[in-house]
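# Structural description and commentary
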Amino acid sequence: MCASRTERAGRALRALGATLAIACAAGGAWAQTVRPADEVPAAPAARPAAPATGGIQSQNIFDVKPDADQLPGYAEQNNAQRNAVQPGNNAPMWRAVGDGVAGTTSLPRSQAPEAGVLIQPQVQYPGSRLTTAGEAWRQVRNNWILPYGGSLLLIVLGALAIFYFTKGPMGAESQPGTTRRIERFTPFERSAHWANAIAFVLLAVSGIIMAFGQFFLQPLIGLTLFGWLAYALKNIHNFVGPLFAVSLVIVFFTFLRDNMPQRGDLRWMLKAGGVFSKHEVPSHRFNAGEKVVFWGGVLLLGAIVVGSGLVLDMLIPGLLYERGTMQVAHMIHAVAAMFMMAMFLLHIYMGTLGMRGAYKAMRTGYVDEAWAHEHHQYWAEDVAAGKIPAQRSKPATVAPVAPADVRPA
């Protein structure tokens, strides 16, 4: 009996649900028929078909293909192959450009052998990272040559200034007429020395301004004026360089004989010439310090500076003047020039402010016997013994003065 009651209740509920559904459907239909015509919504306009691609789309995971950069031989593809898998990707072309591959140019190769090379291949110069050659050269110049070379010159100048204000010039005051005069430099020797010295000063000043002028001069005179000045100094530097090379060769052979190692040079070096004591160490015509400047500065550094400078001036015949050659030549030239200027600063100091009578000797050619004994004792003794003539050049002859033409009144 209980089961029959339950079945009867279920049938009644299902009948009630069906009745409510029929009533709702009939009410909706009636509402559509009695709504005014102006309230009936218009049929929706046809929408454009969605594009085949775009947006988030589902895809079977088994149909997903790997990226193009994971395909075999992707790194070795040429530009046409890369364009097929990745349209617009010109990486192979630019990789070839970065590796120094030459293209085509309208310039003749005899005038511009690297005109078709847009970017140099990668190198690693001493002190640079592995990068393109132009960037490697820039890193060496800006990170090593300029800061350390400039520091070297400032240290030398500071040390000389401290030495001058604490010790003062070396040697006693000269008293003209008390002793006989000795010819230290002949007119030819002085001419060769001054020609080389003037050329060196012009090269040093122009080189320093071109290298460091942007730090201390450009802020004072402005970019435009500094640009004109640097351009003028560059041309002066290029023109004076070969003249300096010729004068350096003349100076070397002119003073070669008296700069050979001699007795007492080692003792002079061990005692630093006596600059820190009251008495100088005896020496010959040129002391050991001057000989170091001669062999280290004039010969060794001079040969490096002149050789690399001639490359930068493109004056060596038969040499292929590519960018890599010029970059290496510039780095060698700059480093050797910094050391040469530092060494010659000491030489200039000793020849002017550092030693009394030294500048006069190079200007007039003569020193008195007391000066020779004080600063170059062995040389003075050889002159006194007659081994070296006191007058090595012919003295200038003075034309006799004609007597006045006296006429009777």
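Here's what I pulled together on the structure shown here. For clarity, every value in this text was computed on a predicted model and none was experimentally measured.

### Thoughts on the packing of aromatic side chains
- Under the counting rule described, the total for this entry stands at 15 aromatic pairs.
- When the ring of Trp194 is compared with that of Tyr359, the centres are 6.1 Å apart and the planes differ by 80°; the resulting orientation is edge-to-face. Linking Trp194 in helix H5 (residues 187-216) with Tyr359 in helix H11 (residues 358-364), this pair joins segments that are 165 residues apart in sequence.
- Where Phe200 meets Phe244, the ring centres are 6.4 Å apart and the plane angle is 40°; that geometry is what we call tilted. Residue Phe200 is found in helix H5, and its partner Phe244 is found in helix H7 (residues 223-254); the two are separated by 44 residues along the sequence.
- Given a relative accessible area of 3%, Phe244 falls into the buried group.
- One aromatic cluster is present, formed by Phe163, Tyr164, Phe165, Phe276 and Tyr349 through successive ring pairs.
- Above the ring of Tyr366, the side-chain terminus of Arg181 is found at 4.2 Å from the ring centroid.
- The lysine or arginine in question, Arg263, covers the ring of Tyr378, its NZ or CZ lying 4.1 Å from the ring centre.

### Quick notes on the side chain of His376
- Tracing the backbone through its elements, the reader meets His376 in the loop between helix H12 (369-375) and helix H13 (377-384).
- Not counting residues up to four positions away in its chain, the partners in contact with His376 are Arg184, Ser283, His284, Arg285, Phe286, Asn287, Glu290 and Trp371.

### Quick look at H7
- An ideal rise of 1.5 Å per residue puts 46 Å on 32 residues; H7 measures up with 44 Å between its terminal C-alpha atoms.
- Along H7, the sharpest kink reaches roughly 30°, centred on Val240 and followed within four residues by the proline Pro242.
- Among all positions of H7, only Phe226, Ala230, Leu233, His237, Val240, Gly241, Phe244, Ala245, Ser247, Leu248, Val251 and Phe252 are buried.
- Contacts from the buried residues of H7 go to H5, helix H6 (218-221), helix H9 (288-312) and helix H10 (323-351).

### Quick word on a nonpolar patch on the surface
- A cluster of nonpolar side chains, Trp194, Ile198, Leu202, Ile236 and Tyr359, forms an exposed patch at the surface whose accessible area comes to about 450 Å².
- Per-element accounting of the nonpolar patch gives the leading share, three residues, to H5.
- Checked against the element boundaries, Ile198 lands in helix H5.

### Looking at the nonpolar core
- Core analysis: the largest hydrophobic core is formed by 56 residues, its most contacted members being Phe200, Phe244 and Met340.
- Among the secondary structure elements, those contributing two or more residues to this core are helix H4 (133-167), H5, H7, H9, H10, H11, H12 and H13.
- Among the elements that take part in this core, H10 stands out by supplying 10 residues, more than any other.
- The residues touching Phe244, leaving out its near neighbours within four places in the chain, are Asn196, Ala199, Phe200, Leu203, Val306 and Met340.

### A short note on the pattern of salt bridges
- A full pass over the atoms with the stated rule returns six salt bridges.
- With a closest N to O distance of 3.5 Å, Arg180 and Glu369 form a salt bridge. On the criterion of sequence distance, the pair formed by Arg180 in the loop between H4 and strand E3 (181-183) and Glu369 in helix H12 is long-range, its members being 189 residues apart.
- Note on Arg180: relative accessible area 39%, which makes it partly exposed.
- Connected through salt bridges with shared partners, the residues Glu189, Asp258, Arg285 and Arg392 form a single ionic network.

### So, the packing of H4 against H10
- Two elements in contact, H4 and H10, have axes separated by 10 Å at closest approach and are oriented at 0°. As far as their axial angle goes, H10 and H4 are roughly parallel.
- In the contact of H4 with H10, the residues fall into 21 nonpolar, four polar and one charged.

Reading the values: rules and limits
- Residues numbered from 1 in each chain as written.
- Predicted model: local features only at pLDDT ≥ 70, side-chain atom pairs only at ≥ 80, totals over all residues.
- Heavy atoms only, no water.
- Phe/Tyr/Trp six-rings, centres within 6.5 Å; stacked < 30°, edge-to-face > 60°.
- Helix = DSSP H or I, 4+ residues; strand = E, 2+ residues; numbered from the N terminus.
- Buried < 20%, exposed > 50% of the residue type's maximum accessible area, 1.4 Å probe, protein only.
- Lys NZ or Arg CZ within 6 Å of the ring centre and 35° of its normal.
- Contact = heavy atoms within 4.5 Å.
- Expected span 1.5 Å × (residues − 1).
- Bend = angle between axes of the 7 residues up to and from the residue.
- Patch = residues over 30% accessible without salt bridge, like charges linked within 9 Å, V, L, I, M, F, W, Y side chains within 5 Å.
- Areas by Shrake-Rupley, 256 points an atom, 1.4 Å probe, with all protein chains shown as cover.
- Salt bridge = Lys/Arg side-chain N within 4 Å of Asp/Glu carboxyl O.
- Core = buried A, V, L, I, M, F, W, Y, C linked by side-chain atoms within 4.5 Å.
- Axes fitted to C-alpha atoms, helices over the stretch in contact; angles between N-to-C directions.
- Parallel < 35°, antiparallel > 145°, perpendicular 65-115°, else oblique.
- Nonpolar A, V, L, I, M, F, W, Y, C, P; charged D, E, K, R; others polar.

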